[in-house]
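Chain by chain, the residues run as shown.
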Amino acid sequence: MPKDGGIGAPTRRREDVRFLTGTGQYSDDMNVYGQTVAVFARSTVANGVIKSIDTSAAAAMPGVLAVFTGEDFVDVGGNPAGWLINSRDGEPMKEPKRPVLAHGKVRHVGDAYAAVIAETTEQAKDAVEAIEVDIEELPAVVNMKDALSSTNYVHDEIGTNQCFDWGWIEDNRAATDAAIKGAHHVTTLELVNNRLVPNAMEPRCSMAQYNRANDEYTLHTTSQNPHLTRLLISAFVLGIPENKLTVIAPDVGGGFGSKIYHYGEEALVLAAAKKIGRPVKWTSDRTEAFLTDAHGRDHVTTIELALDAEGKFLAFRTETMANVGAYLSNFSTATPTFLHGTLMAGNYTVPNVYVNVKAVFTNTAPVDAYRGAGRPEATFSLERVIDKAAREIGMDPIELRRKNFIKPDQYPFASAAGLEYDSGNYDALMDQMEKVADVAGFEARRKASEKNGKLRGFGVNAYIEACGIAPSNLVGVLGSRVGLYDAATVRVNATGNLSVMVGAHSHGQGHETAFPQVVAEMLGIDPQSIDIVHGDTSKIPFGMGTYGSRSLAVCGSAVVRATEKIINKAKKIAAHMLEASDGDIELTDGVFSVAGTDKSVTFGEVALKAYIPHEFPLEDIEPGLEETAFYDPANFTYPSGAYCCEVEVDPDTGKVSVERMTAVDDFGNVINPMIVTGQVHGGLGQGIGQALLENTTYDENGQLLSASYMDYVMPRADDLPFYTVDHSQGNACTHNPLGVKGCGEAGAIGSPPTVVNAVIDALQSGGKNVTHIDMPMTPHRVWSAMQNA
Amino acid sequence: MYAFDIERPATVAEAAAALGNEDAQALGGGQTLIPTLKQRLASPEKLVSLTGVAEMQGITSNGGTLTIGGAVTHADVAGDGSYKALSELASNIGDPAVRNRGTIGGSLANNDPSACYPAAALASGATIVTNTREIAADDYFVGLFETALDEGEIITAVKFPIPQKANYQKFLQPASRFALVGVFVAVTADGVRVAVTGASNEGVHRWTAAEDALSANFSADALDGLSVSADDLIADLHGSAEYRAHLVAVMTKRAVAAAS
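In this text the structure is predicted, and so the values were computed from the model without any measurement.

**Notes on the side chain of Arg193 of chain B**
Residue and element names in this part refer to chain B.
- Tracing the backbone through its elements, the reader meets Arg193 in strand E13 (residues 191-197).
- A distance of 3.1 Å separates the side chain of Arg193 from the side chain of Asp138, its partner in a polar contact.
- When near neighbours in sequence (up to four residues on either side) are disregarded, Arg193 contacts Leu122, Ala123, Ser124, Gly125, Asp138, Phe184, Val185, Ala186, Thr188, Arg206 and Glu211.

Written out as structure tokens, the structure reads:
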């Protein structure tokens, strides 16, 4: 049975049936008796002092049940940063309070300063318009460079707009400076990693219920990690005891990072539900999503690459300004630091790496992890400067990368940026990429494009990332305030089917299909008899959720460990039933047998016995068949890849079209290759979107100009080519039981520099001396670059 | 959105009467108005839906003139095919949902400076037929979201003389997929007409220098050396005025080359 549904089978995603037939249950689908609606009053200015708020007229409007302002939350906690970063001088980062509702000052357009609870949405909106607020607008701090020199502070109480000034690794700084000073050649590049709006298909939504009978709260919310959300609300914000708060993230329509974090709206609806004694729901509209979902990226970087005369890399030195927006979101301090700086040695044997990151407060939406989270920024900087260096020294870009790759016999490899890579083979990835992409045929295709009046370019990239965001011991040393293990409970029911409760959360990743494949393979039973339970803190063990391509590597490993415990206990029960010793029991295709005999019992018979323990050796075995495991890995996992693409540029308009895109990834072992391919497709779409289309733009007053789909350019099907995706070159992760590495973010990490490199190549082939264009490479930007070349 | 009443008249006369009320607003396919209402950016007391008016439906071709009812959807114009360049233009407005709801009368009455239909109407020398009069396209487009329509006046039909040759080239604003710059070129018995949309702060307009050059020699080469001034062109996050000026010339050449 598991042969067509176990590990390695391209099983179709079972959850897609409900998603595609409209029977998914999202937070906004939860409607209960007596439900009310919350609508927020949000700042229309980027920076301002709240001189007064008069809610009396609003409170008297029809249908209005309560009105809240920041004043109502002065005595509760703030939404904390999850990661403490220390500056180079040893000083801890600046952590201004992030309140439930803005109090005293509004700090970005969309910052909520009041909320109305009413019977209907329209009544609540009418009442929001009736709130009389006097906000004195102040000049906005938008540009990071200006912010660092300004005395106009986003948070007056910290007296600076710099959150931290971080050096990685500070002890490497002098050696890196010396290597660059003495180098044969140094290539320098200034670049922008453009801010992105996550744009999950399902906007955020939170619905709170309060049960007066037992003082318990239930929060349905769009979260990638319900336990983390509960922990933040309980321990930091509202102080609701964890055992009195159930957080349920049902079907969630995409997150990309933006639903990792706890947001003030969740705390507001909980507090409101208790105050009015009725359920309260808030559903974000698309404008609120643009203005208040945590954005991604937004780095401004100068990177230098030092080379010797043979093209060997001697050093990478990076200076980055990272925008954290108006408030620290939960992982906003980890993203530009430990998820970025530690990857700045790339796939290379480079001996010296130094990274300086200044995190900057601005009057813009908070910025946090977004698909890839720091690693795309690292890869983009590295792979762009390497491409520029190849052009400067006249070496083929593939050859230059190969010359500096870590070789297969060098693992485990201690990178100059402080990580220990466990496995990989970057030359093999590049070989496969050259083959499946028909790189040898590029010149002929370029000539064909030229005949059609188009400039064709080829771009290449090699990436490595750190996934399975985990080891608690490691991240603890690095400043994390949470552990990063995961957990699973495998419950074998009496009739032989299974419920597997997992700490990971599926919001597009296909866990409901892939995790049963693992359990089915181990037990030798039909995967359709196994269901995954996730997203409900009252049902699942304490897990850390899904982000950083961690679910299978961390939570999947917990599933393996729990299933191993099930097998051990089931063997004991089978041994009792077969009157044999445990050590002689073998499990094959769902049947327990005594080695060397024809005596056997099925998995189902053992399950039944566990729950109807007649004639059971209760002194040796407890009834039941249910096991839990927590798994905390030894290291990150290190997926890697070789990507290339071919673009055509219309020299008359500057419009770029991606003609071919090839992604060859080492994800280690693959559980479901079809889901993996789908994950790569999604990542590539987002990466190409970042490279060519997605244009988050604030004006000098802090107004978001691209605040709707009329101006924010999401990639559409006709913006994207057919992809060639290959994961045949897997090298198993050496330290988790499945040998898996993680695939969720790879496409978004590997593709942006590939596309930019190809566009630069196309322009160079047309005789335009253009060495860099910032993303998104809109037609206007490409055309302007050609005019100035 | 704010609460409003809605009327669904069956005749033009009923529609005109309904629109005589203060704070009444005509509703075509609603592809601009409904999102505006949802954002609470408008608060009409009454919407008068024109989609049920039988006289405003249908497409007829007669003696080289194509008459399209004011309530005809983009999808129906796209499927008609008797004026190829116009059908192609309609087939590339928005997405299928927009094309199945949006109407030609609604688009021309709104006169968005980046919409496609205004370019077709102006370049074709169309006539805007209303419940009270006929207005030549040259007199109809007044400026940004401004037309010659009086308050409550209804576009009941649009008459397009079918040109000898025509083509529309749209360079997409990549988010909205309106025209960043769109150029409609039509070869008529009276000469070539070139209309530009998406580019100007004044809305759709004719490029007369190109018309003169193309009337003398209808080839892309005839446009060599011609350019439009960037003065008073739209500049936004998708393109500068200079870029739009450049695109006007590029799109005009492409329209000439593709005209059929």
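**Some thoughts on the packing of aromatic side chains**
All names here are of chain A.
- Within the structure shown, the criterion is met by 30 aromatic pairs over all chains.
- Ring centres of Tyr463 and Tyr643 lie 5.5 Å apart, and the angle between their planes is 85°; on these two criteria the pair is classed as edge-to-face. Here the residue Tyr463 occupies a position in strand E18 (residues 455-464), and Tyr643 occupies one in strand E26 (residues 640-649), the gap between them amounting to 180 residues. The exposure classification of Tyr463 matches that of Tyr643, with both residues buried.
- Of the aromatic side chains, those joined through ring pairs into one cluster are Phe313, Phe316, Tyr348, Phe405, Tyr411 and Tyr426.

**Details of the interface of chain B and chain A**
- In this complex, chain B contributes 22 residues to the contact, which on the side of chain A involves 24 residues.
- Contact between chain B and chain A buries roughly 1900 Å² in total, counting both sides, with carbon and sulfur atoms accounting for 50%.
- Its largest share of buried area at the contact with chain A, chain B owes to Arg40, Arg177 and Leu237 of chain B, together 31% of the area lost on that side.
- Where chain B touches chain A, the interface holds seven salt bridges.
- Here Arg254 of chain B ties to Asp650 of chain A by a salt bridge, and the two come within 2.8 Å at their closest N and O atoms.
- Joining chain B to chain A, the criterion identifies 18 residue pairs in polar contact (both at pLDDT 80 or more).
- Counting residues per element, the side of chain B that touches chain A draws most heavily on helix H10 (residues 241-258) of chain B, which supplies seven residues.

**Quick word on the sheet that holds E18 of chain A**
Residue and element names in this part refer to chain A.
- Taken together, the four strands give an open sheet; going across it, the order is E18-E26-E27-E28, and neighbouring strands pair in mixed fashion. Of all strands in the sheet, those bounded by a partner on one side alone are E18 and strand E28 (723-726). Between one strand axis and the next, the sheet turns through 10° on average, direction left out of account.

**Observations concerning a negative patch on the surface**
Residue and element names in this part refer to chain A.
- Side chains of Asp582, Asp584, Glu586, Glu619 and Asp620 sit close together on the surface and give a patch of like negative charge.
- For Glu586, the position within the fold is in strand E22 (residues 585-588).
- Overall, the relative accessible area of 40% leaves Glu586 in the partly exposed class.

**Topic: unusual backbone geometry**
Residues and elements named next belong to chain A.
- Residue Trp168 is joined to Ile169 through a cis peptide bond whose omega torsion reads -10°.
- Put simply, Met775 and Pro776 share a cis peptide bond, and its omega is -10°.
- Unlike most non-glycine residues, Asp589 shows phi in positive territory, near 50°.
- For Asp589, a relative accessible area of 48% corresponds to the partly exposed category.

**Looking at empty space enclosed by the protein**
All names here are of chain A.
- Evaluation of the coordinates by the stated rule reveals five cavities of 30 Å³ or more.
- Approximately 230 Å³ is the volume attributed to the largest cavity.
- Forming the walls of the largest cavity are 21 residues, and the residues nearest its centre are Arg98, Val100, Asp111, Gly264 and Glu265.
- Contributions of two or more residues to the lining of the largest cavity are made by strand E1 (36-42) and helix H7 (264-276).
- Its residues placed into classes, the lining of the largest cavity shows 10 nonpolar, six polar and five charged.

**A word on the pairing of strand E7 (residues 162-168) of chain A**
Residues and elements named next belong to chain A.
- For E7, the tally of buried residues reaches six of seven residues, placing the bulk of the element in the interior.
- With six bridges joining them, E7 and strand E15 (residues 352-361) adopt antiparallel strand pairing. Residue Trp168 lies in a different strand from E15, and its bridge partner there is Val355.

**Re the domain arrangement of chain B**
- Under the domain assignment, chain B is made up of domain 1 (5-49), domain 2 (58-161) and domain 3 (165-258).
- Distance between the C-alpha centres of domain 1 of chain B and domain 3 of chain B: 34 Å.

**A word on the packing of helix H17 (residues 673-692) of chain A against helix H18 (residues 746-765) of chain A**
All names here are of chain A.
- Where H17 contacts H18, the axes come no closer than 7 Å and their chain directions differ by 40°. The orientation of H17 with respect to H18, classified from their angle, is oblique. Read as a crossing pair, H17 and H18 show a hand that is right-handed. The segment H17 lies against H18, with Val680, Gly683, Leu684, Gly687, Ile688, Gln690, Ala691 and Leu692 engaging Gly747, Ala748, Ser751, Pro752 and Val755.
- In the contact of H17 with H18, the residues fall into eight nonpolar, five polar and no charged.

**Topic: the side chain of Asp726 of chain A**
Residues and elements named next belong to chain A.
- By the element assignment, Asp726 lies in strand E28.
- Of the side chains with opposite charge, Lys435 comes closest to the buried, unpaired Asp726, at an N-O distance of 7.0 Å.
- In this structure the side chain of Asp726 is engaged in a polar contact, spanning 2.7 Å, whose partner is the side chain of Ser728.
- Sequence-distant contacts of Asp726, defined by excluding residues within four places in its chain, comprise Gln432, Val436, Ala663, Val664 and Asp665.

**A closer look at the nonpolar core**
Residues and elements named next belong to chain A.
- Ranked by size, the top nonpolar core spans 149 residues in total, and within it Phe316, Tyr421 and Met433 carry the most contacts.
- Looking at this core, the element that brings in the most residues is H18, giving nine residues.
- Non-local contacts of Phe316, meaning those with residues more than four positions away in its chain, are made with Thr176, Ile303, Glu304, Leu305, Met344, Val350, Asn352, Val353, Tyr354, Leu382, Val385 and Ile386.
- Ala488, Val502, Ala575 and Leu578 belong to the second-largest nonpolar core, a separate cluster that totals 46 residues.

**Quick look at the domain arrangement of chain A**
Residue and element names in this part refer to chain A.
- When the domains of chain A are assigned, the result is domain 1 (2-23 + 485-631) and domain 2 (450-460 + 638-789).
- Placing the centre of domain 1 and that of domain 2 at their C-alpha centroids yields a distance of 39 Å.
- At the junction of the two partners, domain 1 supplies 24 residues and domain 2 supplies 17 residues.
- Residue assignment for the side of domain 1 that touches domain 2 shows that the elements contributing at least two residues are helix H14 (511-523) and helix H15 (551-578).
- Element by element, the count of residues in the side of domain 1 that touches domain 2 is highest for H15, at six residues.
- Among the residues forming the side of domain 1 that touches domain 2, the class breakdown is nine nonpolar, 12 polar and three charged.

**With respect to the sheet that holds strand E2 (residues 24-27) of chain B**
Residues and elements named next belong to chain B.
- Reading across from one edge, E1-E3-E2 is the order of the three strands in this open sheet, with parallel pairing throughout. In this open sheet, the two edge strands, each paired with only one partner strand, are strand E1 (5-7) and E2. With direction set aside, neighbouring strand axes in the sheet form an average angle of 25°.
- Where E1 and strand E3 (residues 46-49) come together, three bridges link them in parallel fashion. Bridge pairing in E3 places Glu7 opposite Val48.

**Some remarks on the environment of Gly685 of chain A**
All names here are of chain A.
- Structurally, Gly685 can be placed in helix H17.
- Residue Gly685 is classed as buried on the basis of its relative accessible area, which comes to 8%.
- C-alpha of Gly685 to C-alpha of Ile393: the two residues are 292 residues apart in sequence and 32 Å apart in space.
- Sequence-distant contacts of Gly685, that is, excluding residues within four places in its chain, are made with Pro715, Leu720 and Tyr723.

**A closer look at the pattern of salt bridges**
- For the coordinates displayed, the defined rule picks out 59 salt bridges over all chains.
- Measuring nitrogen to oxygen at the nearest pair gives 2.9 Å for the salt bridge that ties Arg40 of chain B to Asp126 of chain A. Separated into two different chains, Arg40 of chain B in the loop between helix H2 (33-38) and E3 and Asp126 of chain A in helix H3 (residues 121-130) make up a pair that spans both.
- Between Arg204 of chain A and Glu265 of chain A there is a salt bridge, and its shortest N-O distance comes to 3.0 Å. Within this pair, whereas Arg204 of chain A is found in the loop between strand E8 (185-193) and strand E9 (205-211), its partner Glu265 of chain A is found in helix H7, the two being separated by 61 residues in sequence. Each of the two residues, Arg204 of chain A as well as Glu265 of chain A, counts as buried.
- Members of the salt-bridge network, linked through shared partners, are Arg42, Arg204, Glu265, Glu288 and Asp293 of chain A.

Rules used throughout
- Residues numbered from 1 in each chain as written.
- Chains lettered and ligands numbered in written order.
- Predicted model: local features only at pLDDT ≥ 70, side-chain atom pairs only at ≥ 80, totals over all residues.
- Heavy atoms only, no water.
- Helix = DSSP H or I, 4+ residues; strand = E, 2+ residues; numbered from the N terminus.
- Polar contact = N/O pair within 3.5 Å; in protein donor to acceptor, adjacent residues only side chain to side chain.
- Contact = heavy atoms within 4.5 Å.
- Phe/Tyr/Trp six-rings, centres within 6.5 Å; stacked < 30°, edge-to-face > 60°.
- Buried < 20%, exposed > 50% of the residue type's maximum accessible area, 1.4 Å probe, protein only.
- Buried area = accessible area lost by both parts, 1.4 Å probe.
- Salt bridge = Lys/Arg side-chain N within 4 Å of Asp/Glu carboxyl O.
- Pairing = 2+ DSSP bridges.
- Axes fitted to C-alpha atoms, helices over the stretch in contact; angles between N-to-C directions.
- Patch = residues over 30% accessible without salt bridge, like charges linked within 9 Å, V, L, I, M, F, W, Y side chains within 5 Å.
- Areas by Shrake-Rupley, 256 points an atom, 1.4 Å probe, with all protein chains shown as cover.
- Lys, Arg positive; Asp, Glu negative; His and termini not counted.
- Charge placed at Lys NZ, Arg CZ, Asp CG, Glu CD.
- 1 Å grid on protein atoms, 1.4 Å probe; cavity = no way out; pocket = protein on both sides within 12 Å on 5 of 7 lines; lining within 4 Å.
- Points joined across faces, edges and corners; volume = space filled by probe spheres on them.
- Nonpolar A, V, L, I, M, F, W, Y, C, P; charged D, E, K, R; others polar.
- Domains from an automatic or database assignment.
- Parallel < 35°, antiparallel > 145°, perpendicular 65-115°, else oblique.
- Left-handed = near helix turned anticlockwise from the far one by under 90°.
- Core = buried A, V, L, I, M, F, W, Y, C linked by side-chain atoms within 4.5 Å.

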